[in-house]
Structures are given as C-alpha cells and as structure tokens.
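What the coordinates show
Here is how the chains run, residue by residue.
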Amino acid sequence: TLSSSSAASDVYKRQAEKNADFAEQVLQIKMMIYSQAKDYAGMGKVLTKMAESDDGMTLNAVAWNAFEMLSQMDKPSPELLKGAIAAGEKAVKLMPESGAILDTLAHLVHMAGDLDRAIELQSKAVKCEDGDQEEVKEFLEELKKEKASKK
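About the criteria used
- Going along each chain's sequence as written, the residues are numbered from 1 onward.
- The predicted origin of the model limits local features to residues at a pLDDT of at least 70 and limits the giving and counting of side-chain atom pairs to 80 or more, whereas totals for whole chains, interfaces and linings rest on all residues.
- The basis for every side-chain value is the complete set of non-hydrogen atoms in the structure, without hydrogens or water.
- Here, a salt bridge means any Lys or Arg side-chain nitrogen found within 4 Å of an Asp or Glu carboxyl oxygen.
- Buried means the residue's accessible area, taken with a 1.4 Å probe over protein chains only, is under 20% of the maximum for its type, while exposed means over 50%, and partly exposed covers the values in between.
- Secondary structure elements follow DSSP: runs of H or I of four or more residues count as helices, runs of E of two or more count as strands, with numbering from the N terminus.
- Any helix carries an expected span of 1.5 Å times its number of residues minus one.
- Between two residues, a contact is recorded if the distance between any of their heavy atoms is within 4.5 Å.
- A patch is a set of surface residues, each over 30% in relative accessible area and not in a salt bridge, joined within 9 Å for like charges and within 5 Å for the nonpolar side chains Val, Leu, Ile, Met, Phe, Trp and Tyr.
- The Shrake-Rupley method, run with a 1.4 Å probe, gives the accessible areas here. Residue values count only the displayed protein chains as cover.
- Just so you know, the count uses Lys and Arg for positive and Asp and Glu for negative, and it drops His and the chain ends.
- We put the charge of a Lys on NZ, of an Arg on CZ, of an Asp on CG and of a Glu on CD.
- Between N-to-C directions, angles span 0 to 180 degrees; the directions come from axes that are lines fitted to C-alpha atoms, helices contributing only their stretch in contact.
- Between 65 and 115 degrees an angle is taken as roughly perpendicular, under 35 as roughly parallel, over 145 as roughly antiparallel, and anywhere else as oblique.
- Put simply, a crossing is left-handed when the front helix is turned counterclockwise from the back one by less than a right angle, and right-handed when it is turned clockwise.
- When residues are sorted by character, Ala, Val, Leu, Ile, Met, Phe, Trp, Tyr, Cys and Pro go into the nonpolar class, Asp, Glu, Lys and Arg into the charged class, and all the rest, Gly among them, into the polar class.

1. Thoughts on the pattern of salt bridges
The final tally for this structure, using the stated rule, is six salt bridges. Residue Glu52 is joined to Lys49 by a salt bridge in which the shortest nitrogen-to-oxygen separation is 3.1 Å. Here Glu52 falls in the exposed class, since its relative accessible area comes to 52%. Residue Lys90 pairs with Asp54 through a salt bridge whose shortest N-O separation is 3.4 Å.

2. Details of helix α5 (residues 78-94)
The end-to-end C-alpha separation of α5 is 24 Å, in line with the 24 Å expected for 17 residues at 1.5 Å each. Along α5, the residues that are buried comprise Leu80, Leu81, Gly83, Ala84, Ile85, Ala87, Gly88, Lys90, Ala91 and Val92. Buried residues belonging to α5 abut α3 (40-50), α4 (56-71) and α6 (99-111).

3. A word on helix α7 (residues 115-126)
For an α-helix, 3.6 residues make a turn, and residues three or four places apart therefore share a direction. Here α7 is 12 residues long and its end C-alpha atoms lie 16 Å apart, about the 16 Å a rise of 1.5 Å per residue gives. Listed as buried for α7 are Leu115, Ala118, Ile119, Leu121, Gln122 and Ala125. Each element contacted by the buried residues of α7 is listed here: α6 and α8 (133-149).

4. Things to note about unusual backbone geometry
Non-glycine residue Lys38 carries a positive phi angle of around 55°. Along the chain, Lys38 falls in the loop between α2 (20-36) and α3. A residue is classified by how much of its surface remains accessible, and Lys38, at 58% relative accessible area, is exposed.

5. A closer look at a negative patch on the surface
Taken together, the side chains of Asp132, Glu134, Glu135, Glu138 and Glu142 make up a negatively charged region of the molecular surface. In this structure, Glu135 sits in helix α8. By relative accessible area, Glu135 is classed as exposed at 53%.

6. Section: the packing of α3 against α5
The contact between α3 and α5 brings their axes to 7 Å, and the two run at 15°. The angle between the axes of α3 and α5 places the two elements in the roughly parallel class. Remark: the crossing between α3 and α5 carries left-handed chirality. Two secondary-structure elements touch here, α3 through Tyr40, Ala41, Met43, Gly44, Leu47 and Thr48 and α5 through Glu79, Leu80, Gly83, Ala84, Ala86 and Ala87. Classifying every residue of the contact of α3 with α5 gives eight nonpolar, three polar and one charged.

Encoded structure:
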C-alpha cells in the first residue's frame with residue numbers, strides 16, 4: 001500500500017542521514033536491480049545520485065561498469081552515459097592524480113563524442129603512476145589516430 005511505501009521511504013531517509021555507508025549500499029542495490037531490469041535511465045539516475053559520494057574508487061568502479069555495459073549496446077543509453085560521466089567527473093575531482101580514474105572518464109567522454117577532451121584526459125592518465133599503463137598508452141594512441149583521420 002501507499003502508506004507502507006511512504007513509511008519505508010521515511011525509515012530509509014532517517015537511516016541514510018545517520019549512516020552514509022547505508023545510503024551507499026542502497027544505491028548499489030538499486031543499481032543491481034536496474035541493471036537486471038535493463039532500466040538504463042534508472043541506472044543513470046542512480047549514478048548521478050552516487051556522484052555525490054566522496055569515494056573516488058567506488059565512483060570509478062561504477063563508472064567503468066557502466067562504460068562496459070554501454071559498450072555492449074547497439075545504441076548506448078544517453079541517460080546511463082550521462083550518469084556514468086557524472087560519477088567519473090566526481091571521481092576525477094576527488095582523485096585527480098589517478099591514471100585509472102582519468103582513463104575511465106576519457107573512455108566515457110570519448111563515447112559521448114568529445115574526442116578532444118578524451119585526448120586531454122588520457123594524456124594526463126599516461127603521466128600517472130597507477131593504472132594499466134600499457135592499456136592507457138594504447139588508448140591514447142587510438143584517440144590520436146582517430147583525431148588525425150578526421151583532419
């Protein structure tokens with residue numbers, strides 16, 4: 001019934017205010033449910049909400065998972081891509097020296113059609129110590145080749 005759903009919502013809000021980990025876990029459960037249902041717009045909204053997190057590694061993980069899902073789609077979900085970029089942008093803000101996180105955001109903005117920004121991000125990722133540097137360098141070369149072919 002409506003009243004029990006509203007009561008559950010109130011309990012959730014009180015718990016989430018007291019315990020940030022609880023709120024994070026609920027968002028991750030929502031992501032799994034939306035993923036199972038292939039509700040990419042719902043996933044995009046949850047990712048946008050998750051972008052309020054201060055855990056750069058978690059944000060990067062969910063953004064990369066979204067990228068992998070988007071890569072499997074014939075026509076990537078714009079809502080999911082937008083949410084993944086929001087999570088990736090926040091992760092970069094929190095951990096600007098992480099090559100792995102810069103690499104994730106570069107993949108997402110490239111998918112969104114912003115080749116110049118992808119090259120800029122990937123060029124920074126190559127200079128970082130973490131991440132799979134071979135793959136990071138390879139992706140930068142792919143981006144540069146794509147840019148050269150458009151001239």
